[in-house]
Amino acid sequence: MKEEEEGPLDRELYALLHISPKASDEEIKKAYRQWAQIYHPDKCEAHHMKDAATENFQRVSSAYEILLDENKRKIYDIYGMEGLTSGLELGKKLNKVEELKEELERLRKLKEELERLRKLKEQEISAHFQPSGTMWADMSLPDLLHGHGIMRGMAMTSSVHSHISKHNILSIGGNLEVNGDSGYGDATVGFGRQISSVSSIEFIGSAGLWPLIGVQTSRNLSSHLTATMGLSMSLRDGSLNLSNTWVRRLSESTSGNIQLALGSDSALSVGCRKKNEKLSAAGQLKCGIDSFAASAHYNHRFSSKSHGRIAGKVGSNALELEVGVGRKLSNLSSVRILYSIGIQGISWKFKLRRGGQKLVIPILLSGDLDPVFAAAAFIIPTSLYFVLKKFVLKPDYRKREKQKALENMEKTSKPVLEARAAADKAQKLLQNVANRKQNRQLEIGGLVITKAWYGNLNALKKRDELVELNDSLVIDVKLPLNFLVSDSGQLKLHEGVKKSGIMGFCDPCPGEPKQLYVEYTFGDGRYEVTVDDYDKLLIPQEEHRI
């Protein structure tokens with residue numbers, strides 16, 4: 001499950017005793033004594049709850065035994081319960097703490113290396129055969145209105161990359177283009193070899209209207225600098241083209257490049273690129289013998305599913321401004337709608353992607369730059385995108401997410417039901433003390449938890465209008481939180497500790513993102529707060545006031 005794989009270790013034993021992962025031995029002993037008073041079978045008055053009390057007392061005792069043992073606690077802190085049950089021996093060889101640390105570090109590195117090799121193997125399998133292609137359908141509304149048909153031209157490109165061995169790649173591709181009454185096509189074959197860990201070479205041959213042969217070599221000169229050199233020769237007229245590109249990483253997310261091209265289209269280009277989780281931006285300045293061009297684009301992610309784009313070109317042969325929005329439909333597919341205005345006119349562009357395949361549909365709306373028409377042309381596709389997003393994309397996404405959640409529920413329904421039953425029993429054992437604490441806080445105007453839900457993020461946001469599916473993705477934890485309120489009127493949940501391990505809690509939706517939502521009163525004020533699964537929570541806080 002993704003959350004468990006990528007998040008911190010659960011630290012359930014710390015949650016069970018309600019202590020920090022940095023707790024001292026004295027704090028562990030104190031917490032154990034408090035919980036033992038609650039869950040010791042001899043203290044349980046209700047006969048039908050003795051089994052539940054015994055079970056929870058054993059959990060508390062086991063947590064106490066592990067966390068109070070220095071060696072076991074170190075193993076648990078690095079590997080969790082898996083480390084304690086994996087057969088790691090603590091014999092004479094590992095009696096000293098330093099020896100134990102060395103052994104744990106060795107095992108940790110071994111685990112990381114095995115995981116790295118597994119991922120590389122998966123990548124090799126998925127990358128062994130990589131097809132990609134683009135279909136371009138160029139349309140013109142003015143041509144249609146003048147009786148010439150809407151299609152101005154079409155183009156198709158397709159290629160396949162295959163790892164024929166560990167260091168060798170074979171690529172085969174071709175393209176076909178039709179524009180008006182003319183057209184052409186060509187086929188390309190490439191062979192690449194990884195010479196070493198820092199250098200590679202590729203040979204290219206193309207047959208068609210413009211046949212050529214070429215070679216390109218690339219080398220990492222340092223961890224921040226890469227140089228690429230290419231040489232090609234036209235088989236039609238014997239002309240040579242030489243290119244030399246240098247790329248330097250300026251920071252973790254930024255790189256700069258310089259390219260010098262000599263031949264039929266000699267030019268010097270300078271560019272910069274930046275990319276992180278929220279944005280990607282690039283700019284380039286190109287100067288040729290008889291031409292000049294500058295271009296830039298900026299993409300901003302509004303969420304993990306949608307983004308906006310603005311781009312521009314200016315130069316001796318171009319003047320264009322482009323704006324647009326895009327939406328990720330799934331891990332494999334996306335859609336983008338773009339609007340552009342420039343010296344060539346006003347146009348829309350639709351881009352659909354599915355895996356390595358793309359469909360691009362540019363539609364020329366007008367060759368004239370009429371301001372009223374330009375405004376209408378901008379508003380219509382923007383409105384179309386938001387209508388599409390609201391009535392098609394979002395419902396489809398919700399449908400797929402709901403189906404995914406239902407499938408996950410079916411797989412985890414039995415262990416979740418068992419965990420809910422155990423949490424319910426634990427809450428019943430806490431009930432009397434929790435009620436006494438709550439009544440005491442009510443008398444003095446202290447901290448009282450009035451509502452608390454733990455579970456799926458989306459379900460929590462819709463708690464007031466829960467459907468049956470969402471209702472199964474949260475658990476009511478008001479009672480255990482009232483039990484954890486201190487005599488001084490404070491509640492503290494420790495950072496880095498997954499909250500499902502707290503007594504009276506459980507994980508209602510394994511593999512789903514979880515949060516804790518709490519409403520509470522303090523004095524004459526009402527408060528609410530939402531925190532992520534592993535985040536620290538300290539209440540009351542004035543910033544939580546409603």
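These notes cover the structure that comes with them. Computed from a predicted structure; not experimentally measured. (Residues numbered from 1 in each chain as written. Predicted model: local features only at pLDDT ≥ 70, side-chain atom pairs only at ≥ 80, totals over all residues. Heavy atoms only, no water.)

## Considering the environment of L176
Move 1: Mapping L176 onto the fold places it in strand β3 (residues 168-179).
Move 2: For the pair L176 and M135, spaced 41 residues apart in the sequence, the C-alpha separation amounts to 9.7 Å.
Move 3: Beyond its immediate sequence surroundings of up to four residues, L176 is in contact with M154, A155, M156, Y184 and G185. (Helix = DSSP H or I, 4+ residues; strand = E, 2+ residues; numbered from the N terminus. Contact = heavy atoms within 4.5 Å.)

## Quick notes on helix α3 (residues 25-39)
Move 1: Over its 15 residues, α3 extends 21 Å from the first C-alpha to the last, a length consistent with the 21 Å expected when each residue adds 1.5 Å.
Move 2: When α3 is considered as a whole, its buried residues turn out to be I28, A31, Y32, W35, A36 and Y39. Each buried residue of α3 lies within a common arc of 135 degrees when the element is viewed along its axis, so the set occupies one face. (Expected span 1.5 Å × (residues − 1). Buried < 20%, exposed > 50% of the residue type's maximum accessible area, 1.4 Å probe, protein only. Arc of directions from axis to C-beta.)

## Focus: the packing of aromatic side chains
Move 1: The tally for this structure, following the rule as stated, stands at 7 aromatic pairs.
Move 2: On the basis of an interplanar angle of 45 degrees and a centroid distance of 6.1 Å, the ring pair of Y14 and Y76 is categorised as tilted. A residue pair is termed long-range when its members are at least 10 positions apart, and Y14 in helix α2 (residues 12-17) and Y76 in helix α5 (residues 70-79) qualify at 62 residues. With respect to class, Y14 is no different from Y76; both count as buried.
Move 3: Centroid distance Y520 to Y527: 5.0 Å. Interplanar angle 5 degrees. Geometry classified as stacked.
Move 4: Directly above the aromatic system of W210 lies the positively charged group of R236, at a separation of 4.5 Å from the ring centroid. (Phe/Tyr/Trp six-rings, centres within 6.5 Å; stacked < 30°, edge-to-face > 60°. Lys NZ or Arg CZ within 6 Å of the ring centre and 35° of its normal.)

## Description of a nonpolar patch on the surface
Move 1: A cluster of nonpolar residues, L221, M229, L231, L240, L242, W246, I258, L260, L262, L268 and V270, forms a patch on the protein surface that exposes about 970 Å² of accessible area.
Move 2: Turning to its location among the elements, V270 is positioned in strand β10 (residues 267-275). (Patch = residues over 30% accessible without salt bridge, like charges linked within 9 Å, V, L, I, M, F, W, Y side chains within 5 Å. Areas by Shrake-Rupley, 256 points an atom, 1.4 Å probe, with all protein chains shown as cover. Salt bridge = Lys/Arg side-chain N within 4 Å of Asp/Glu carboxyl O.)

## Details of the sheet that holds strand β21 (residues 514-522)
Move 1: Within the open sheet, the 4 strands sit side by side as β19-β18-β21-β22. Their pairing is antiparallel. In this open sheet, the two strands that pair with only one neighbour each are β19 (474-476) and β22 (525-532). Averaged over all pairs of adjacent strands, the angle between their axes in this sheet comes to 15 degrees, without regard to strand direction.
Move 2: When β21 meets β22, the two strands line up antiparallel, connected through 8 bridges. Considered in β22, the bridge of V518 is made with V529. (Pairing = 2+ DSSP bridges. Axes fitted to C-alpha atoms, helices over the stretch in contact; angles between N-to-C directions.)

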